Amino acid sequence: MNTSTISRRRFAQLLGVGAAAAVARPALSLARSPSPAPVATTRVVRLSHNENPYGPSPKALKAITDGFEFACRYPDDHADLLVEAIATNDGVGTNQVLLGAGSGEILRVCAAAFTGAPANADAAAGTLVVADPTFEAIVGHAQRRGAEVVKIPLTSSFAHDLPAMSAAAKRGLVYVCNPNNPTASLTPKSDLRAFITSAPRETMILVDEAYHHYVDSPDYESVIPLIKDHPNLIVARTFSKIYGMAGMRCGYALAQPEAIERLRPHALNDGVNITALIAAEASLRDANQVATGRRLNSEARAVVLKEFAALGYQHIPSHGNFVMVDLKRPVVPLIQAMRQRNVQVGRLFPSLPNHMRVTIGKKGEMERFVSAFREVIKA
Ligand SMILES: Cc1ncc(COP(=O)(O)O)c(C=O)c1O
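In this report, we go over the structure that sits alongside the text. If you're wondering where the values come from, they're calculated on a predicted model, not measured in any experiment.

1. Overview of unusual backbone geometry
Of note, the amide linkage connecting Asp 132 to Pro 133 takes the cis form, showing an omega dihedral of 0°. Geometrically, the link from Asn 178 to Pro 179 is a cis peptide bond, its omega value of -5° lying close to zero. Along the chain, the position of Pro 179 falls in the loop between β5 (172-177) and α10 (189-198). Although it is not a glycine, Phe 158 adopts a positive phi angle of roughly 65°. Take Phe 158: it is sitting in the loop between β4 (149-153) and α9 (162-168). For Phe 158, a count of 20 C-beta atoms within 10 Å corresponds to the buried category. Although it is not a glycine, Ala 184 adopts a positive phi angle of roughly 60°.

2. Points about the pairing of strand β8 (residues 251-254)
Regular strands place side chains that alternate from one sheet face to the opposite one. Burial along β8 is two-sided: the residues Gly 251 and Ala 253 and Tyr 252 and Leu 254 are all buried. By the bridge criterion, 4 bridges tie strand β2 (residues 97-100) to β8 in an arrangement that is antiparallel. Looking at β8, one finds that Leu 99 is bridged to Tyr 252. Here strand β7 (residues 233-238) pairs with β8 via 4 bridges, running antiparallel. What sits directly across from Val 235, in β8, is Leu 254.

3. Details of the nonpolar core
If you look at the biggest cluster of nonpolar residues, it comprises 98 residues, and the most contacted ones within it are Cys 110, Leu 128, Ile 234, Ala 253 and Ala 280. It is helix α12 (residues 274-284) that provides the largest number of residues to this core, a total of 8 residues. If we skip the residues at most four places from it in the chain, Ile 234 touches Cys 110, Met 204, Leu 206, Ala 253, Ala 255 and Ala 259.

4. Some thoughts on α12
Burial of α12 is extensive: 11 of the 11 residues sit out of reach of the surface. Three or more residues of α12 are buried, namely Ile 274, Thr 275, Ala 276, Leu 277, Ile 278, Ala 279, Ala 280, Glu 281, Ala 282, Ser 283 and Leu 284. Packing partners of the buried residues in α12 comprise α5 (58-67), α6 (76-90) and α13 (287-311).

5. Description of the sheet that holds β7
Strand order in this open sheet of 7 strands is β2-β8-β7-β6-β5-β3-β4, and the pairing throughout is mixed. The open sheet is flanked by β2 and β4, the only strands paired with a single partner. Recorded for the sheet is a direction-independent mean angle of 20° between the axes of neighbouring strands. Sitting on the sheet, helix α8 (residues 137-144) is in contact with β3 (127-132), β4 and β5, with an inclination near 155° to β3.

Rules used throughout
Sequence positions are assigned chain by chain, starting from 1 and proceeding in written order. Local features in a predicted model are, by the rule used here, given only for residues with pLDDT of at least 70; side-chain atom pairs are given and counted only at 80 or more, and totals for whole chains, interfaces and linings are based on all residues. Helix and strand definitions follow DSSP, with helices as H or I runs of at least four residues and strands as E runs of at least two, each counted in order from the N terminus. Partly exposed residues are those whose C-beta has more than 12 but fewer than 20 other C-beta atoms within 10 Å; 20 or more makes a residue buried and 12 or fewer makes it exposed, with C-beta atoms placed from the backbone. Strand pairing requires that DSSP identify at least two bridges connecting the strands. To count as a nonpolar core, a set of buried Ala, Val, Leu, Ile, Met, Phe, Trp, Tyr and Cys residues must be joined through C-beta atoms within 7 Å. By the convention adopted here, residues are in contact when the distance between their C-beta atoms, placed from the backbone, does not exceed 7 Å. Helix axes are fitted only over the stretch in contact, all axes being lines through C-alpha atoms; the angle between N-to-C directions runs from 0 to 180 degrees.

Dropping the structure here:
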């Protein structure tokens, strides 16, 4: 997630969350606001955090409701059930799965286990090597451990520069985000496979596949099948994106059992809540969630891409639920102008100062985006 200048509470108000409370006090609200603005036109369109606007699977929602009765229990039995479901789904053993409160926790745990200053007794002295730009959460985690962080610019085709990353990697951790956030670009599967196969064993490799389900390219593959031959490979996955559960916080790591045991001491025991576990397990049983999510995303994405082309703006080919468009001028004033029109887009990414990151929302939201975008680029 990126930081936003609008508080989450304010955002919830703009979305109309808490409307039930307003309904309970109609006289008061009417007295204070004789001519309220119509809700539909004042709502914020949030295209800033790469969320899935369609939400969890109906099966997950039902499982959550049915599962409330377990809220008084510690979540270990349900964690075991989810681990079994993930292991079956991804073709690994149950001892190769570590759950986290979102894949964000997995990134923190990897930084804790494999990066740190040489003086740090409880961590292997390790550099973190990342692309620039990429999803930066892990950078902060490594820096807080006193680790050196090396940033390697993406190539001209917005892929990870794996030879340069490999040269910079000493002991420690190389983070590869594929598809990459914020660019939604791919690192070709043959390059990534060659990098993983040739990396020295003391270099840990973390491949973040948060947007895996949205990719539809012959140039892409998950690296999960490589785990069995590579004790230094970790894959991070999340239920926040295609499974629409960003607010529930559930993600996981896959690796060989020894690597999982090096990560486990850094994770919070019982750190994923029981409703998230139940919802995630039910999501994996709903094949439609992935197929429908992919279809709706590509339909809504087509609306904006067509518009960018018509207006003469190039975009980085998108393999995710977001797209980076080149505005050919500084993005910051346009982010602000969009916000004034109640459309929130991604923050500034300093190495791409002329690009705007736009999350793909529902079709109607993209239409609102398009009409605000047309206004702001004319101004
Ligand atoms: C590439 C990437 N990895 C990890 C995350 C963290 O997601 P979560 O903690 O919700 O699983 C995000 C969030 O946007 C992301 O873009």
